[in-house]
Each structure stands twice: as structure tokens, then as C-alpha cells.
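Examining the three-dimensional arrangement
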Amino acid sequence: MIMEKKSPQEELRIGVYVCHCGANIASKVDVESTRDFAAKLPHVTVARDYKFACSDPGQELIQKDIKELGLNRVVVASCSPQLHEKTFRNACADVGLSPFYVQMANIREHVSWVTEDPELATRKAKSLVAAAVRRLAFAAPLETKRVPVHPDVLIVGGGIAGIHASLILANAGRKVFLVEREPTIGGHMAQFDKTFPTMDCAACILTPKMSDVKNHPNIMMWTYSEVEEVAGFTGNFKVTVRRKARYIKEELCVGCNDCVEACVLKKDRVQVPDEFNVGLSRRKAVYMPFPQSTPACVVIDPEQCLQLMKGKCAQTCVEACERAAIDFDQSDEIVEIDVGAIIIATGYKPFEARRIAEYGYGKFANVYTTLEIERLVNASGPTGGELRLRDGTTPKVAGVIHCVGSRDRRYNPYCSNVCCMGALKMAHLIKERTGAEVFNFYVDMRTAFKGYEEFYDQILSEGVQFVRGRVAEVTDWAMTDEEKGKLVIRVEDTLVGVARRIPVDMVVLAIGLEPQADAGEIQRKFNISCSNEGFFLERHPKLGPVSTFTDGIFLAGACQGPKDIPETVAQAGAAAAEALCLVDKGFVEIEPNTAWIDEEVCSGCKTCIPLCPFKAISRDEEKRIAVINEALCKGCGTCVAACPSGAAQQNLFTDEQIYEEIEGVLSYA
Amino acid sequence: MKYLYYPGCSLKGTSRGYEESILAIFEKLQLPLQELEGWNCCGATAYMAVDEIKALALAARNLALAEQVAGNEPVSLVAPCNSCYLVLSKAQRHMEEFEDIGDVIVKAMREAGLRYEGHVHVRHPLDVLVNDVGLDALRRAASQPLNGLKVACYYGCQVVRPYATFDDQHNPQTMHELLKAVGAEPVDWSLGTRCCGGSLTGTIEKAGLRLCYILLREAKVRGADAVATCCPLCQFNLECYQGQIASMFGDEVDIPVTYFSQLLGKAMGIDERTLGLKRLFVPLTTAAV
């Protein structure tokens, strides 16, 4: 397509600033030669290089040139606009230049950091500078829009991360919607018995926070609910939540469990594995996940309840409920809420131990996961806290295997962070409860945080035996009489340099952490990114650890990567602070990158209307042209690319700007 | 898809029964194997240890011949011996992955008037039977199902290591599936890829025999009527030293050691002589069959 070029209205006076970024850029790019090259480009009034353009003196240099040399456009060839575009825009705006007259040329991330050969790097830097200079000629002094922010916050996930973030925001006076898909809040932490390294009882430190959430006037706690759809943008999200039918009137139920007693489903035969006890016990169709469930309200499983499945049941539960809280006619409720910020705290999924066939989980009765042992040693667990093997005997020797599913290219290459400490805790608990001899099989011991190494020391002094090596297999083939009837752990002891066979009664697999099975779906719903392994991606690994690439959406806890409780809580606090910062500011500035229709050119062909993913385009039937609703437009550019007549244009990315940029790159090849 | 058969030395020597049964069952499944004309040593064992590149060049010649026979047709070169299968696969991969090795081999072949474009697919019969023939076809072909014959499925090391192309590296299942399809009952053991001793039986005998002993004893402990193998060396080690093992460890370990293909053939109603089952030192007791 041949474009008729509009020429700029005023005389251009462009300043080009080539940043060294210390040695980050200067070690690969010849900054002096790039500066001299820039100085000779048309309309360039001044070109300078500077060690750190982003420093105060660097910014002052630009401001001084604007004032003294009458610059009306500025190119900064430095790092990614993600980092410093705002800095330079603000510096120019301070001396009266429109921030949209500043153009960044990214010669660090796009050039010096990724190019081996200095000569090629310099050539590329020059191309990008030329492109930026040419693009600027067609920049327009746009206005950023200010949009008011809705003060409420949505938190997705009611584990310790979501609980902590909710309380912080609620205490700061914000209204919080806490949406949790399980029938109770509490998450994985509620399943734990003790927490390392201080061995506080998990329930003792968690349940007070759970009831604080329940009782807080600023928190709307929606359990058994899931986010269906998210629309809008930072400061103004419209969220659709499905509140699944519980078949219980939540406001009437007091959690007395009379209905559970009364449920006709016979023990063990038709009952289903209890999710909270990771299948170690069974539950009925109506159940309360655990004694301190919050809300203290039962739930009816529609896939087990005879009344709901077949419409035929004696309904002994209804009879038993003195408060008439059971309601078989309930149906899912769809609620729409407006929030300004969203914190995603959807947690993790424990590694499925069956995937490693050679460890025998699911095949040998006495191979357990760490999560199962948590439940077995817990006083409210299926055995009332008695640590017994499945045949009722007490283990005399136990082996705890580290790194199950972690640091293993076959499954997950990453370290799950929490399992070393979790496995040490297991060793301690097994020893304490049974007096068994315990072996821990580790690859590397990772006990890096406060009080952790001391905990490891303590476990060592308790007489736990540590064998360094990745376990090859757990097997039941015996070489000696001593091994008969035992599980044999085969491992190369890499400190001694021999292959060992260690017979044990009980094997505990320290399973790693994985992204939730539906993390991909959550990612799409909230329009955020995932890293390779499927955990949600933070905006910057160091400087934006709780932000996402979608403004207004923050991350907390293990959904962003494996974390233990202290780190999760710290991150939840950070996410709450960031969300608070956004909603308390009261407004957001929206980059004016929206599309618009040139009324003169538009033929009203309607090509663009069905293509817009945000339903921002409609047709003005009178003028017979397309109209874009700027409030809905996200600036994706789909309509611009699709428009057959070139009537759809996009601010910051007009055809002229893009063609000039391309020609700028090509002019210096 | 064309199927060419690469026998290698063992199938013409110590493991005649493997060749006989493989050819018979493929015939029965209407997928006759055509022996690669002019094949030579695959380059396994000692060769590989002495001069890797020469060993790989030796293997590559077979690949080039197979490509020549196939013309432009896609071709599977079926190598039943685990060692052959591994070395041919290794030659294929090394030529693709390592330019220096590829160059030497290409040059060597050019001297012999050969060239190789990399179009041959090296396959193990376990792979072909499960993925090309399919378990359903095997079920249909099993006119005399094995009626719960208890089998210890033994894969050996090379068929899934280091390249696990068609089965799980740590817990292979294809032989289990095949034998289950024809009515056998694989016993529960986790020693499927444990070392058979390899050449140790000929060098450090005691160490080698101990490894064989573990496998044989465990097969018996688990109630197996027979061990099924897919590798000539494994079969040889497990079958031929049973007497020595018994006197060395004071434990009877007599158990028939068959090729999986012999059991499949039996289920298809092919007679024992054709399948080479008469060659077994410890006869397969047919009580269960």
C-alpha cells in the first residue's frame, strides 16, 4: 500500500541522547560513533552520549538542551521503555515538552545484551536510532486520560496468601471480595500439622486469621465460588463470579454436623475419598471439610447426594436439621462485581507422586506423600494423630525421599523450595510420634532462610540419618532375609560412593509444587502471563515481583512460584500494598493508544466490527461509518490492520509512524 | 511404509529362535519382513569401545543400504536385537547432532560409493507391534491365547536407554501390553530394565552371574512361569548360566527364558518348532498355556 505522507507542521529540532548505561551498552555498542551518526541525521539539532542518561544530571542535560537549544523532540537511546520511558517523559514534561514527543530506542535489551559482535551491535544501534528519529517526525502531542478507580479489591484464592492480603486491605478500610472455590478458606496450610522451622501448630496460627476474615465487616467472603469472566481494565474491572449451589442456606447453617450424621450414605461403601484428608478417609454427600472450616457451614456434593442425583432419598438430613438450612432447590448464582484491583492467589497443586512409577506410590501400601503424613500426624486427621502404617502397625524404620518431581528433567526442572524443610519436618514428626529410625535421602540440602539451617542442625542432632543421593527406586524385591517384607530403598550414596539398599517400613515422598491444573485457564481469564513451567509471571523478577504485565492485577503466593508460608505471607502483604496504592490513588492514567476512525475515509464496510475482541466498535447508522468507543478500546490494533481503506488509525502507532520507523531501520542497513 | 529387517549377528547365531519367531509372527500379521541385503555388523560392544567413529560408520552403512532399497519410500529398519537397535539409532542421531562425526562418516561412505540422507527410521519390533500393528490386531490374531501364563517381562537396558523413543525410560510397558493382549499375565516386578550382566558374565563372571541370579530368582519369587526377553544377550545370560548360578548361590533358578516374540507366536497358534521354542534349554511348560 502506498501511503501519502503528511509532512510535519513545524520545524523539527531533535535531540538524541545515547546512553552508555555504564558498561551495559558501551561495552558492545560504540556509543561515540552512534552519537556522531545521529548528529548527521536530518532534523537532529544535537546528539550527545552520556554515561547514565537516567541519572539526575543526565535528565538535567536533556532539560537544559530543550530550553537552550529549543528542542521540540527527544530520542533517548538506552534501555527498554518498560524501565525508563516514564523517567524521560516526565523530565521533558517538566520543561514543557509533550511527553509523547519522547521516543526511546532500546539499544540495551534489544542490542548490547543480545549481540556478541560489537560491530554488528553498533550497526543495529544506529539503525534503531535512525528509526526513532524518523518516527518522531509524526508523533502527536497526545493527552493521557485520567480514569477514576473503583475502590474495591478482588482477591482470588482463600489460602494463606489470599487470607493475609484480604485482612491487610480490609484493615486499611478497603472493601474486599475474597473468592475461594473450595467450600472453606484455609488452603493447603489448613491441611498441615506443624509449620517449619518453629513447629508452631498450623491450625493455631491460621484459624484465628480465618475467623478474622469471616468476621471482618469489610470482607465479602465467597467460598465455593469461582471467577467466570473478567472484563474492563486497571481501576475498573467488571468481574463475573459464579457462586456454586451449596444446597445449604449459608446464613442459617451453624455447622452442627447433625445432617452429616443423618446422611444415609453408608460408611466406606458409597462414600467418597475425603479431599481434605487427601483420600485417607471417606466422607458423605453432605460434609464439612474440617472442624474449623470457615464458614462453619456444610456443603452437599451434588455428585454424591442421592436426592440431587436421583431425586430419591429419605432426606434424613432435612429431618435432622433443626434450622431448616438444607435447600435442594438452590442453583448456582451469577454475581457481577466492580473492582479496581485484583490479587491472584490461586496457589499450587502438589506433584502427583504416581507419575514416578519407580517410587511405587499407589502400588506399595506403605509409600506415602508428605501431605498424607501431615494428615496422619494431625489430631483432627483420619487416625486422630496416631502415625500408623496401613496395616495398623507402627513403623520402625522410615525413609523420607526429597526432590520427588522436582529438579528432575523428566518432571519439573525447578527446585520446589519448600520440600527440603518439609522433609526435615517429616523426619522430626515421624521420630517424635513413633520413635522410628529415620533416613532422609536428599540431593542437595536447601535450608537457606532465617532459622532454617538451625532447624537442619536440630534434626541432625536428633539422630536422623542423611544419605546424599537421588533414590533410584523403592522396591519390594529382597536380597536378604532382613529385607523380606520390607520396602527397599535403592540409592547411590554419593558421599560414600557406594550403591546402598536400605530396607524400611515406611516411605515418605517429599512431593514438589506444581502450577494448578487450570492455571492456563486462569491465565487466559485474567489476561496475565505464565513462565515456562506454568506459574504466573511477575512483571519483573526483582523489581516487580507481585505485579503482572496487566496493570491492576497482582500476584501473591505459590501461584507465582513455589513458596513456603513466610515467603507467601510476605508476598501477600506486598501485593496488598500495591493494590492499595492503586485504589487509594483514586485514578489511573491511561496511555492514549486507542484507535480512531477517519470519518472521511471510512466506507462503513463493517469489516472491523466483528473483529474487535473488546466489542468497542459499533456502526453509526446515520453517518454509515464505524465508531470506536475509546473507553473500551484496548489499542490492540486489530481493526487498524483489518481496515481495507486505512480509515482505522491508532494513536502512537499511526501508519506514518510505523512506515517511517521501518524506513529508518532500512536506511541504515 | 516399508519394513526392512536387520538381523545382526546374534539372530543368525545364538538367538536363532528370536529370528525364527519374529519372522513367523510378522508373516502371520501380514507384514512380512524383508531382510536387508548386504548388511554388515552393527558396530556394537567391543567395536564401539575401541573406535567409536569406525563403529558408527559401520552402522551407517546399513542405514545407507536400507535407504537405497527403499528409494523414496519411507522405511522402517526393524532391528530386534537391542544392541543393534541402539547402535543404529545412535549412528542416526550422532550424524544429525554432531557435524564432525557426520562429516567423517559421510566421507567414509562416499569412498564406498554410498550416501545417506537420513530417511531411515530405526525401529524395535516392540515399537512396530504396539504402534503400527496395534494391540487390537494382536488380540484378533491370538487364536490360542496364553490363558494367564505368568510372564516376567524383561526389557534389558538398551531398548529404552539412553533413547526412550517409544516407551517409558524407567518403567517400560510395551512388552507388558503385547503379552497381555494375547492372554498372558505379566507378573508384578520392577526389574524390567535392571542389568543382566551384559559382557560381565564373560569377564568378571561372579559379578555378572550375581546380576543374572537376582533377575531369575525374583522372576521365580513373583511366580513367573517364564521370563520374556527382547534382547539376545539378555536371553543368553539368563538362560545359559542357570546351572552355574544354582551351584554358585545354592538356589535353583530353573525357569524358561523366551523371546517375547516366541510367546506371541505361540498365542497365534504357530507351532513350537517354527518359533524356535524347541531350542530352549529349559522348556516352556505348557501346563498353563
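Since the structure is predicted, the reported quantities are computational estimates derived from the model, not experimental observations.

1. Concerning the overall build of chain B
- When helices and strands are tallied, chain B shows 14 helices and 8 strands.
- Scaling as 2.2 N^0.38, a compact globule of 289 residues should have a C-alpha radius of gyration of about 19 Å, and chain B matches this with 19 Å.
- Dimensions of chain B along its principal axes, counting C-alpha atoms only, are 55 × 45 × 30 Å.
- Counting every position in chain B, which comprises 289 residues, the buried fraction comes to 50%.

2. Quick notes on the confidence of the model for chain B
- Here chain B averages 94 in pLDDT, and 99% of its residues register 70 or above.
- Taken together, the chains of this predicted complex give a pTM of 0.83 and an interface ipTM of 0.78.

3. Examining the interface of chain B and chain A
- Contact with chain B, which involves 6 residues of that partner, is made by 5 residues of chain A.
- Taken together, the residues of the side of chain B that touches chain A break down into 2 nonpolar, 3 polar and 1 charged.

4. So, the packing of helix α4 (residues 52-70) of chain B against helix α6 (residues 99-111) of chain B
All names here are of chain B.
- As a packed pair, α4 and α6 sit with axes 9 Å apart at the nearest point and diverge in direction by 60 degrees. Regarding the angle of α4 to α6, the classification is oblique. Helix-helix and strand crossings are classified by hand; for α4 and α6 the assignment is right-handed. Residues Ile53, Leu56, Ala57, Ala60, Arg61 and Ala64 of α4 form the contact with α6, whose participating residues are Ile101, Val104, Ile105, Ala108 and Met109.
- In terms of residue class, the contact of α4 with α6 is built from 10 nonpolar, no polar and 1 charged.

5. Concerning the packing of helix α12 (residues 419-434) of chain A against helix α13 (residues 452-461) of chain A
All names here are of chain A.
- Relative to each other, α12 and α13 sit at 35 degrees, their axes nearing to 10 Å. As for how α12 packs across α13, the hand of that crossing is left-handed. Taking contact as the criterion, the partners of Met421, Leu424, Ala427 and His428 in α12 are, on α13, Tyr452, Phe455, Tyr456 and Ile459.
- Looking at side-chain class alone, the contact of α12 with α13 contains 7 nonpolar, 1 polar and no charged residues.

6. Considering α6(B)
- Counted at 1.5 Å a residue, the expected span for α6(B) with its 13 residues is 18 Å, and the 18 Å between its end C-alpha atoms agrees.
- Immediately downstream of α6(B), the backbone of B:Gly113 shows phi near 75 degrees, a positive value.

7. Some points on the sheet that holds strand β1 (residues 2-5) of chain B
All names here are of chain B.
- Ordered by their spatial adjacency, 4 strands build an open sheet running β2-β1-β3-β4, and the pairing between neighbours is parallel. Lying at the two open borders of the sheet, with one neighbouring strand each, are β2 (34-35) and β4 (120-123).
- Here 2 bridges tie β1 to β2, and the two strands are oriented parallel to one another. Its bridge partner lying in β2, Tyr5 is registered against Glu35.
- Across the sheet, α4 touches β1, β3 (75-78) and β4, and the angle it forms with β3 is around 135 degrees.

8. So, the sheet that holds strand β27 (residues 506-511) of chain A
Residue and element names in this part refer to chain A.
- One open sheet accounts for 5 strands, arranged β20-β27-β21-β22-β23; its pairing is parallel. In this open sheet, the two strands that pair with only one neighbour each are β20 (367-369) and β23 (465-468). Looking at each pair of strands side by side, their axes are set apart by 25 degrees on average, direction ignored.
- Pairing of β20 with β27 involves 3 bridges; the strand directions are parallel. Counted as the bridge partner of Val367 is Val507 from β27.

Parameters and conventions
- Residues numbered from 1 in each chain as written.
- Chains lettered and ligands numbered in written order.
- Predicted model: local features only at pLDDT ≥ 70, side-chain atom pairs only at ≥ 80, totals over all residues.
- Helix = DSSP H or I, 4+ residues; strand = E, 2+ residues; numbered from the N terminus.
- Rg over C-alpha atoms; globule rule 2.2 N^0.38 Å.
- Buried ≥ 20, exposed ≤ 12 C-beta atoms within 10 Å, placed from the backbone.
- pLDDT = per-residue confidence, 0-100.
- Contact = placed C-beta atoms within 7 Å.
- Nonpolar A, V, L, I, M, F, W, Y, C, P; charged D, E, K, R; others polar.
- Axes fitted to C-alpha atoms, helices over the stretch in contact; angles between N-to-C directions.
- Parallel < 35°, antiparallel > 145°, perpendicular 65-115°, else oblique.
- Left-handed = near helix turned anticlockwise from the far one by under 90°.
- Expected span 1.5 Å × (residues − 1).
- Pairing = 2+ DSSP bridges.

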